[in-house]
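Fold and contact review
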Amino acid sequence: MKNKEIRIHPTQKPVALYEWILSRYAKDGDIILDTHVGSASSLIACRNTNHKFVGFELDEYYYKLSKERLDRELAQMNLFDFMGGWWNEQNNSEHYEDK
Ligand SMILES: C[S@@+](CC[C@H](N)C(=O)[O-])C[C@H]1O[C@@H](n2cnc3c(N)ncnc32)[C@H](O)[C@@H]1O
């Protein structure tokens, strides 16, 4: 597991493992159902690979922790999307000027 992944669940899998699985077995447009979310690694991987998702977690404690983790990750990704959009706009302007 990458060091930057904070451990919140005793059987937490790496996000990269779920990304690998999704890249091989999920098709574009698939909606992924995880009935035992645990740490939310699977849901973060869904977002990273552009899959919609639905998740369930029975344990209130882990639900709260994983929801916080997911919200944090999604907020960070939205910021990167925003910065990416801004960067592309700048880049496109330069590109048009070059023509
Ligand atoms: C093995 S852990 C999942 C770990 C997860 N794959 C990960 O990478 O973090 C199983 C989780 O399922 C939850 N769980 C158990 N029974 C459940 C049920 N009937 N519905 C929803 N969640 C359940 C447990 O609380 C536990 O957090």
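This text goes with the structure placed above it.
Residues numbered from 1 in each chain as written. Predicted model: local features only at pLDDT ≥ 70, side-chain atom pairs only at ≥ 80, totals over all residues.

1. Quick notes on the overall build of the protein chain
Inclusion rule: Strands here are runs of E lasting at least two residues and helices are runs of H or I lasting at least four, both read from the DSSP assignment and numbered beginning at the N terminus. The burial criterion counts other C-beta atoms lying within 10 Å of a residue's C-beta, which is placed from the backbone; the residue is buried at 20 or more, exposed at 12 or fewer, and partly exposed between these limits. Here, residues touch in the contact sense if the C-beta positions derived from the backbone fall within 7 Å of one another.
Within the protein chain one finds three helices and two strands. Counted from the first residue to the last, the protein chain has its helices and strands arranged as α-β-α-β-α. By residue count, 17% of the 99 residues in the protein chain fall in the buried class. Sequence-distant contacts, at least 24 apart, represent 57% of the contacts inside the protein chain between residues at least 6 apart.

2. Let's talk about the environment of Asp34
Within the secondary structure, Asp34 sits in strand S1 (residues 31-34). Once residues within four sequence positions are removed from consideration, Asp34 is found in contact with Ser42, Leu43, Phe53 and Gly55.

3. Observations regarding the packing of helix H1 (residues 15-25) against helix H2 (residues 41-48)
For clarity, the threshold we go by: Between the N-to-C directions of two axes lies an angle of 0 to 180 degrees, each axis being a line fitted to C-alpha atoms and, for a helix, fitted only over the stretch in contact. What sets the label is the angle itself: under 35 degrees gives roughly parallel, over 145 gives roughly antiparallel, 65 to 115 gives roughly perpendicular, and the rest give oblique. Here a crossing is called left-handed whenever its near helix is offset anticlockwise from the far helix by less than a right angle, and right-handed whenever the offset is clockwise.
Closest axis-to-axis distance for the H1/H2 pair is 8 Å, and the angle between their directions is 55°. Considering their axes alone, H1 and H2 lie oblique with respect to each other. Relative to H2, H1 is oriented so that their crossing is right-handed. In this structure, H1 uses Val15, Tyr18, Glu19 and Leu22 to contact H2, whose residues at the interface are Ser41, Ser42, Ile44, Ala45, Cys46 and Asn48.

4. Some points on the site of the ligand
Cut-off, in case you're wondering: As used in this record, a residue near a molecule or strand is one whose C-beta atom, placed from the backbone, is within 6 Å of it. All amino acids are sorted into three groups, where Ala, Val, Leu, Ile, Met, Phe, Trp, Tyr, Cys and Pro are nonpolar, Asp, Glu, Lys and Arg are charged, and the leftover types, Gly among them, are polar.
The ligand sits among 14 residues. The nearest are His36, Gly38, Ser39, Leu58 and Asp59. For the shell around the ligand, the class distribution of residues is three nonpolar, eight polar and three charged.

5. A short note on H2
Counting buried residues along H2, six of its eight residues qualify, which places the element largely inside the surrounding structure. Taken together, the buried positions of H2 are occupied by Ser41, Ser42, Leu43, Ile44, Ala45 and Cys46. Just downstream of H2 lies Asn50, where phi reads positive at about 60°.

6. Observations regarding unusual backbone geometry
Phi at Ala40 is positive, roughly 80°, even though this residue is not glycine. Note that Ala40 resides in the loop between S1 and H2. The class of Ala40 is buried, set by 29 C-beta atoms lying within 10 Å. Despite not being glycine, Asn50 shows a phi value in the positive range, around 60°. Relative to the elements of secondary structure, Asn50 occurs in the loop between H2 and strand S2 (52-55).

Function cannot be inferred from these measures alone, as they are strictly geometric.
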